[in-house]
Amino acid sequence: LRFIMKQPLHCCSVAKMNLKLHVDFLSQPSRACLLFCLLNDLPVEVKKVVISRGGTTSPSYKSKNPLGKVPLLEDESKNFLLPESGAILTYLAERFNVADHWLPKNPEAHARVLAAVHWFQNNVRLGAAGLVYQKVLAPRLGLIPNEEIAEHSLRVLHQALRDLADVWLAHPVGTKDPVFVSGRTDDVCIADLLIACELEQLCLLNYERDDVDMKGILSDHPVVRDYLRRVARACRGNFPPPPPQPEPNVDENGIKEELPPVVQRDHYLEVHALLRKSAALNSVAIPANIPPSYVAKL
(Lines give C-alpha, C1' and ligand atoms only; values in the text may rest on other atoms or scores of the structure.)
Protein backbone atom coordinates (compact mmCIF):
# COMPACT_ATOMS: atom_id res chain seq x y z
CA LEU A 1 0.00 0.00 0.00
CA ARG A 2 2.96 2.32 0.40
CA PHE A 3 3.15 3.07 -3.31
CA ILE A 4 -0.57 3.92 -3.37
CA MET A 5 -0.11 6.58 -0.75
CA LYS A 6 2.99 8.14 -2.35
CA GLN A 7 2.30 8.16 -6.07
CA PRO A 8 -0.63 7.90 -8.49
CA LEU A 9 -2.27 4.51 -8.53
CA HIS A 10 -2.94 2.85 -11.85
CA CYS A 11 -5.83 0.41 -11.78
CA CYS A 12 -4.41 -1.58 -14.70
CA SER A 13 -1.17 -1.98 -16.61
CA VAL A 14 -2.11 0.22 -19.58
CA ALA A 15 0.77 2.62 -20.19
CA LYS A 16 -1.25 5.68 -21.27
CA MET A 17 -4.55 6.43 -19.62
CA ASN A 18 -6.85 9.34 -20.33
CA LEU A 19 -9.14 8.57 -17.41
CA LYS A 20 -8.30 9.98 -13.98
CA LEU A 21 -10.22 9.36 -10.78
CA HIS A 22 -9.78 12.07 -8.16
CA VAL A 23 -10.32 10.65 -4.67
CA ASP A 24 -9.72 11.18 -0.98
CA PHE A 25 -9.18 7.83 0.73
CA LEU A 26 -11.18 9.04 3.74
CA SER A 27 -14.16 9.56 1.44
CA GLN A 28 -16.49 6.56 1.41
CA PRO A 29 -17.81 7.14 -2.15
CA SER A 30 -14.23 7.63 -3.34
CA ARG A 31 -13.26 4.23 -1.99
CA ALA A 32 -16.26 2.59 -3.64
CA CYS A 33 -15.22 3.98 -7.04
CA LEU A 34 -11.59 3.01 -6.45
CA LEU A 35 -12.58 -0.53 -5.46
CA PHE A 36 -14.73 -0.88 -8.59
CA CYS A 37 -11.83 0.21 -10.81
CA LEU A 38 -9.42 -2.21 -9.14
CA LEU A 39 -11.80 -5.16 -9.27
CA ASN A 40 -12.45 -4.61 -12.97
CA ASP A 41 -8.85 -3.73 -13.91
CA LEU A 42 -9.98 -0.48 -15.53
CA PRO A 43 -7.52 1.87 -17.28
CA VAL A 44 -7.84 4.61 -14.67
CA GLU A 45 -5.17 6.66 -12.96
CA VAL A 46 -6.05 7.54 -9.38
CA LYS A 47 -5.19 11.06 -8.22
CA LYS A 48 -5.19 11.63 -4.48
CA VAL A 49 -7.00 14.71 -3.17
CA VAL A 50 -6.78 15.53 0.54
CA ILE A 51 -9.93 17.36 1.64
CA SER A 52 -8.53 18.31 5.06
CA ARG A 53 -5.66 20.15 3.34
CA GLY A 54 -7.90 22.15 1.06
CA GLY A 55 -7.54 19.82 -1.89
CA THR A 56 -11.16 20.19 -3.01
CA THR A 57 -11.24 23.98 -2.55
CA SER A 58 -8.10 24.84 -4.50
CA PRO A 59 -8.64 26.91 -7.66
CA SER A 60 -7.19 24.15 -9.85
CA TYR A 61 -9.59 21.54 -8.47
CA LYS A 62 -12.60 23.86 -8.41
CA SER A 63 -11.98 24.60 -12.08
CA LYS A 64 -12.63 20.90 -12.70
CA ASN A 65 -15.37 20.38 -10.16
CA PRO A 66 -17.09 23.58 -9.02
CA LEU A 67 -19.02 21.46 -6.50
CA GLY A 68 -15.75 21.01 -4.60
CA LYS A 69 -16.30 17.34 -3.80
CA VAL A 70 -14.81 13.92 -4.46
CA PRO A 71 -14.85 11.61 -6.27
CA LEU A 72 -14.47 13.15 -9.71
CA LEU A 73 -13.88 11.29 -12.94
CA GLU A 74 -11.87 13.12 -15.61
CA ASP A 75 -11.52 12.02 -19.23
CA GLU A 76 -8.92 14.22 -20.87
CA SER A 77 -9.49 12.72 -24.32
CA LYS A 78 -13.12 13.87 -24.33
CA ASN A 79 -12.79 16.95 -22.12
CA PHE A 80 -15.36 15.23 -19.90
CA LEU A 81 -15.72 15.72 -16.15
CA LEU A 82 -18.16 13.67 -14.07
CA PRO A 83 -18.90 14.15 -10.34
CA GLU A 84 -21.01 11.99 -8.02
CA SER A 85 -20.08 8.41 -7.17
CA GLY A 86 -23.33 6.84 -8.36
CA ALA A 87 -23.00 8.48 -11.76
CA ILE A 88 -19.30 7.55 -11.98
CA LEU A 89 -19.96 3.88 -11.19
CA THR A 90 -22.82 3.74 -13.69
CA TYR A 91 -20.75 5.40 -16.42
CA LEU A 92 -17.74 3.14 -15.91
CA ALA A 93 -19.88 0.00 -15.82
CA GLU A 94 -21.55 0.91 -19.09
CA ARG A 95 -18.51 2.31 -20.87
CA PHE A 96 -16.31 -0.71 -20.18
CA ASN A 97 -19.05 -3.31 -20.51
CA VAL A 98 -18.11 -5.00 -17.24
CA ALA A 99 -19.71 -8.22 -16.00
CA ASP A 100 -23.49 -8.01 -15.95
CA HIS A 101 -23.84 -8.43 -12.19
CA TRP A 102 -22.39 -4.96 -11.58
CA LEU A 103 -25.16 -3.18 -13.50
CA PRO A 104 -27.53 -5.60 -15.24
CA LYS A 105 -28.67 -4.97 -18.80
CA ASN A 106 -32.12 -6.34 -18.11
CA PRO A 107 -34.28 -3.17 -17.72
CA GLU A 108 -35.97 -4.23 -14.48
CA ALA A 109 -32.78 -5.50 -12.84
CA HIS A 110 -30.94 -2.38 -14.06
CA ALA A 111 -33.61 -0.13 -12.54
CA ARG A 112 -33.48 -1.99 -9.20
CA VAL A 113 -29.73 -1.42 -8.88
CA LEU A 114 -30.08 2.28 -9.69
CA ALA A 115 -32.94 2.54 -7.20
CA ALA A 116 -30.64 1.11 -4.53
CA VAL A 117 -27.94 3.64 -5.48
CA HIS A 118 -30.41 6.52 -5.06
CA TRP A 119 -31.87 5.08 -1.84
CA PHE A 120 -28.39 4.70 -0.35
CA GLN A 121 -27.63 8.42 -0.50
CA ASN A 122 -30.42 9.64 1.80
CA ASN A 123 -30.45 6.64 4.09
CA VAL A 124 -27.25 4.67 4.74
CA ARG A 125 -24.96 7.52 3.76
CA LEU A 126 -26.98 10.20 5.51
CA GLY A 127 -26.86 8.29 8.77
CA ALA A 128 -23.35 6.84 8.71
CA ALA A 129 -21.57 9.89 7.30
CA GLY A 130 -23.39 12.24 9.65
CA LEU A 131 -22.53 10.13 12.68
CA VAL A 132 -18.85 9.72 11.81
CA TYR A 133 -18.49 13.40 10.93
CA GLN A 134 -19.93 14.61 14.22
CA LYS A 135 -18.19 12.03 16.41
CA VAL A 136 -14.80 11.78 14.72
CA LEU A 137 -14.03 14.22 11.93
CA ALA A 138 -15.46 17.48 13.27
CA PRO A 139 -13.24 17.46 16.39
CA ARG A 140 -10.17 16.76 14.22
CA LEU A 141 -11.05 19.77 12.07
CA GLY A 142 -11.26 22.00 15.14
CA LEU A 143 -15.06 22.17 15.02
CA ILE A 144 -17.50 21.67 17.88
CA PRO A 145 -19.48 18.47 17.29
CA ASN A 146 -23.26 18.70 17.46
CA GLU A 147 -24.58 15.87 19.65
CA GLU A 148 -28.16 16.40 18.50
CA ILE A 149 -27.12 15.85 14.89
CA ALA A 150 -25.04 12.84 15.94
CA GLU A 151 -28.00 11.28 17.74
CA HIS A 152 -30.30 12.00 14.78
CA SER A 153 -27.75 10.47 12.40
CA LEU A 154 -27.57 7.33 14.54
CA ARG A 155 -31.36 6.99 14.44
CA VAL A 156 -31.33 7.47 10.65
CA LEU A 157 -28.59 4.85 10.35
CA HIS A 158 -30.45 2.25 12.43
CA GLN A 159 -33.60 2.77 10.36
CA ALA A 160 -31.57 2.50 7.15
CA LEU A 161 -30.04 -0.77 8.32
CA ARG A 162 -33.48 -2.13 9.18
CA ASP A 163 -34.73 -1.17 5.72
CA LEU A 164 -31.63 -2.65 4.12
CA ALA A 165 -32.30 -5.98 5.84
CA ASP A 166 -36.10 -6.04 5.43
CA VAL A 167 -36.41 -4.64 1.90
CA TRP A 168 -33.23 -4.80 -0.15
CA LEU A 169 -31.89 -8.03 1.33
CA ALA A 170 -35.24 -9.82 1.60
CA HIS A 171 -35.17 -13.40 0.33
CA PRO A 172 -36.75 -14.01 -3.07
CA VAL A 173 -40.15 -15.68 -2.79
CA GLY A 174 -39.79 -19.39 -2.23
CA THR A 175 -36.09 -19.32 -1.29
CA LYS A 176 -33.97 -18.82 1.78
CA ASP A 177 -30.76 -17.91 -0.03
CA PRO A 178 -29.14 -14.66 1.15
CA VAL A 179 -29.07 -11.98 -1.52
CA PHE A 180 -27.26 -8.80 -2.43
CA VAL A 181 -29.21 -5.57 -3.00
CA SER A 182 -29.71 -6.39 -6.68
CA GLY A 183 -31.70 -9.46 -5.65
CA ARG A 184 -29.00 -11.79 -6.97
CA THR A 185 -27.57 -14.48 -4.75
CA ASP A 186 -24.25 -14.94 -6.55
CA ASP A 187 -22.51 -11.57 -6.86
CA VAL A 188 -22.44 -7.88 -5.99
CA CYS A 189 -23.56 -4.78 -7.88
CA ILE A 190 -22.37 -1.17 -7.78
CA ALA A 191 -24.82 -0.34 -4.99
CA ASP A 192 -23.28 -3.01 -2.75
CA LEU A 193 -19.89 -1.29 -3.03
CA LEU A 194 -21.36 2.06 -2.00
CA ILE A 195 -23.15 0.56 1.00
CA ALA A 196 -20.20 -1.57 2.16
CA CYS A 197 -17.66 1.24 1.87
CA GLU A 198 -20.00 3.55 3.80
CA LEU A 199 -20.43 1.10 6.64
CA GLU A 200 -16.70 0.29 6.81
CA GLN A 201 -16.20 3.95 7.80
CA LEU A 202 -17.85 3.15 11.14
CA CYS A 203 -14.56 1.55 12.22
CA LEU A 204 -13.40 5.09 13.05
CA LEU A 205 -15.81 5.17 15.98
CA ASN A 206 -14.35 4.38 19.40
CA TYR A 207 -16.80 3.36 22.11
CA GLU A 208 -14.67 4.75 24.95
CA ARG A 209 -14.56 8.14 23.23
CA ASP A 210 -17.84 8.23 21.28
CA ASP A 211 -20.23 6.03 23.32
CA VAL A 212 -20.92 4.08 20.13
CA ASP A 213 -18.90 1.87 17.82
CA MET A 214 -19.24 -0.27 14.72
CA LYS A 215 -19.53 -3.56 16.56
CA GLY A 216 -22.33 -2.26 18.75
CA ILE A 217 -24.25 -0.78 15.80
CA LEU A 218 -24.04 -3.94 13.70
CA SER A 219 -24.89 -6.19 16.65
CA ASP A 220 -28.46 -4.92 16.31
CA HIS A 221 -28.51 -5.84 12.62
CA PRO A 222 -27.19 -9.40 12.15
CA VAL A 223 -28.54 -9.66 8.59
CA VAL A 224 -26.53 -6.59 7.59
CA ARG A 225 -23.46 -7.85 9.41
CA ASP A 226 -23.65 -11.11 7.45
CA TYR A 227 -24.29 -9.18 4.24
CA LEU A 228 -21.11 -7.14 4.72
CA ARG A 229 -19.10 -10.33 5.16
CA ARG A 230 -20.56 -11.63 1.91
CA VAL A 231 -19.74 -8.42 0.05
CA ALA A 232 -16.14 -8.64 1.24
CA ARG A 233 -15.91 -12.28 0.14
CA ALA A 234 -17.54 -11.56 -3.23
CA CYS A 235 -15.09 -8.75 -3.92
CA ARG A 236 -12.17 -10.99 -3.12
CA GLY A 237 -13.53 -13.50 -5.61
CA ASN A 238 -13.64 -11.16 -8.62
CA PHE A 239 -10.10 -11.87 -9.76
CA PRO A 240 -8.82 -13.65 -12.85
CA PRO A 241 -7.20 -17.01 -12.09
CA PRO A 242 -3.53 -16.75 -11.11
CA PRO A 243 -1.02 -17.25 -13.93
CA PRO A 244 0.28 -20.80 -14.31
CA GLN A 245 3.36 -21.56 -12.27
CA PRO A 246 6.53 -22.42 -14.20
CA GLU A 247 7.89 -25.91 -13.81
CA PRO A 248 10.39 -25.93 -10.93
CA ASN A 249 14.02 -26.59 -11.70
CA VAL A 250 15.44 -29.95 -10.64
CA ASP A 251 19.03 -30.12 -9.42
CA GLU A 252 21.49 -32.97 -10.03
CA ASN A 253 20.16 -34.80 -6.96
CA GLY A 254 16.61 -34.81 -8.29
CA ILE A 255 15.40 -32.25 -5.74
CA LYS A 256 12.84 -29.79 -7.08
CA GLU A 257 13.27 -26.07 -6.53
CA GLU A 258 10.72 -24.54 -4.15
CA LEU A 259 8.70 -21.86 -5.94
CA PRO A 260 7.19 -18.94 -4.04
CA PRO A 261 3.43 -19.26 -3.55
CA VAL A 262 1.14 -17.32 -5.89
CA VAL A 263 -0.36 -14.44 -3.93
CA GLN A 264 -3.56 -12.85 -5.20
CA ARG A 265 -4.20 -9.32 -4.01
CA ASP A 266 -7.28 -8.65 -1.93
CA HIS A 267 -8.45 -5.29 -3.23
CA TYR A 268 -11.26 -5.04 -0.66
CA LEU A 269 -8.79 -5.19 2.21
CA GLU A 270 -6.34 -2.93 0.37
CA VAL A 271 -8.88 -0.18 -0.16
CA HIS A 272 -10.04 -0.23 3.44
CA ALA A 273 -6.47 -0.30 4.70
CA LEU A 274 -6.18 3.03 2.86
CA LEU A 275 -8.99 4.29 5.08
CA ARG A 276 -6.91 3.43 8.13
CA LYS A 277 -3.79 5.02 6.67
CA SER A 278 -5.58 8.23 5.71
CA ALA A 279 -7.22 8.39 9.12
CA ALA A 280 -3.81 8.13 10.78
CA LEU A 281 -2.39 10.86 8.54
CA ASN A 282 -5.30 13.06 9.61
CA SER A 283 -4.72 12.27 13.30
CA VAL A 284 -7.88 10.18 13.61
CA ALA A 285 -7.23 7.43 16.13
CA ILE A 286 -8.70 4.03 15.30
CA PRO A 287 -9.02 1.45 18.11
CA ALA A 288 -5.96 -0.79 18.00
CA ASN A 289 -8.01 -3.99 17.76
CA ILE A 290 -9.72 -2.94 14.51
CA PRO A 291 -8.31 -4.84 11.49
CA PRO A 292 -8.05 -3.29 7.98
CA SER A 293 -11.53 -4.57 7.13
CA TYR A 294 -13.58 -4.69 10.30
CA VAL A 295 -16.58 -6.44 8.79
CA ALA A 296 -14.40 -9.30 7.60
CA LYS A 297 -13.61 -10.09 11.24
CA LEU A 298 -17.03 -9.60 12.84
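Above this text is the structure in question.
Residues numbered from 1 in each chain as written. Predicted model: local features only at pLDDT ≥ 70, side-chain atom pairs only at ≥ 80, totals over all residues. Heavy atoms only, no water.

Compared with an ideal rise of 1.5 Å per residue, which puts 22 residues at 32 Å, helix H6 (residues 147–168) spans 30 Å between its outermost C-alpha atoms and is within 8% of the ideal. Of the positions making up H6, those classed as buried are Ala150, Ser153, Val156, Leu157, His158, Ala160, Leu161, Leu164, Ala165 and Trp168. Buried residues along H6 sit in contact with helix H5 (107–140), helix H7 (190–200), helix H9 (214–219) and helix H10 (222–236). (Helix = DSSP H or I, 4+ residues; strand = E, 2+ residues; numbered from the N terminus. Expected span 1.5 Å × (residues − 1). Buried < 20%, exposed > 50% of the residue type's maximum accessible area, 1.4 Å probe, protein only. Contact = heavy atoms within 4.5 Å.)

Here H5 crosses H7 at 5°, and the two axes come no closer than 9 Å. Here H5 is positioned roughly parallel relative to H7, judged by the angle of their axes. Note on element contacts: H7 touches H5 through Ile190, Ala191, Leu194, Ile195, Glu198 and Leu199, opposite Val113, Ala116, Val117, Trp119, Phe120, Val124, Arg125, Ala128 and Ala129. Counted by class, the contact of H5 with H7 contains 13 nonpolar, no polar and two charged residues. (Axes fitted to C-alpha atoms, helices over the stretch in contact; angles between N-to-C directions. Parallel < 35°, antiparallel > 145°, perpendicular 65-115°, else oblique. Nonpolar A, V, L, I, M, F, W, Y, C, P; charged D, E, K, R; others polar.)

Now for the nonpolar core. General note: in soluble globular proteins, nonpolar side chains tend to be found buried as a group. The biggest cluster of nonpolar side chains holds 76 residues, and the ones touching the most others in it are Phe36, Leu92, Leu164, Val181, Leu199, Leu202 and Tyr227. At 10 residues, H5 tops the list of elements feeding residues into this core. Aside from chain neighbours lying at most four places away, what touches leucine 92 is Leu19, Phe36, Cys37, Leu42, Leu73 and Val98. (Core = buried A, V, L, I, M, F, W, Y, C linked by side-chain atoms within 4.5 Å.)

This part takes up the state of the cysteines. Enumeration according to the criterion identifies zero disulfides in this entry. Counting only cysteine sulfurs, cysteine 235 is the nearest neighbor of cysteine 197, a cysteine outside any disulfide, at a range of 7.7 Å. Residue classification places cysteine 197 among the buried residues on the basis of a relative accessible area of 0%. (Disulfide = S-S within 2.5 Å.)

H6 packs onto H5 with a crossing angle of 150° between their chain directions and a minimal axis gap of 7 Å. By the criterion of interaxial angle, the relationship of H5 to H6 is roughly antiparallel. Here H5 runs over H6; the crossing is left-handed. For the contact of H5 with H6, a count of residues per class yields 16 nonpolar, five polar and four charged. (Left-handed = near helix turned anticlockwise from the far one by under 90°.)

Let us look at the environment of aspartate 166. By the secondary structure assignment, aspartate 166 is in helix H6. Spatially, the C-alpha atoms of aspartate 166 and valine 224 are 9.8 Å apart, while their sequence positions differ by 58 residues.

Mapped onto the secondary structure, glutamate 74 falls in strand S4 (residues 72–75). Engagement of the side chain of glutamate 74 in a polar contact is seen with the side chain of lysine 64, the distance being 3.3 Å. Ignoring any residue separated from it by four or fewer positions in sequence, one finds glutamate 74 in contact with Asn18, Leu19, Lys20, His22, Lys64, Phe80 and Leu81. (Polar contact = N/O pair within 3.5 Å; in protein donor to acceptor, adjacent residues only side chain to side chain.)

What follows deals with unusual backbone geometry. The omega angle of the peptide bond from valine 70 to proline 71 is 0°, so this bond is cis rather than trans. Its place among the elements puts proline 71 in the loop between helix H3 (59–64) and S4. Positive phi, close to 75°, is recorded for glutamate 84, a residue that is not glycine. Assignment of secondary structure puts glutamate 84 in the loop between strand S5 (80–83) and helix H4 (85–95). Classification of glutamate 84 as partly exposed rests on a relative accessible area of 42%. You will see that asparagine 97, though not glycine, has its phi angle at about 50°, which is positive. As for its position among the elements, asparagine 97 is in the loop between H4 and H5.

Before going further, it helps to examine the packing of aromatic side chains. To describe a pair of aromatic rings, you give the distance between the ring centres and the angle between the ring planes. Applying the stated criterion across every chain yields a total of four aromatic pairs. Here phenylalanine 80 and tyrosine 91 contribute two aromatic rings whose centre-to-centre distance is 5.3 Å and whose plane-to-plane angle is 45°, an arrangement assigned as tilted. With phenylalanine 80 in strand S5 and tyrosine 91 in helix H4, the pair connects residues that are 11 residues apart, well separated along the chain. On the accessibility criterion, phenylalanine 80 (28% relative accessible area) is partly exposed. (Phe/Tyr/Trp six-rings, centres within 6.5 Å; stacked < 30°, edge-to-face > 60°.)

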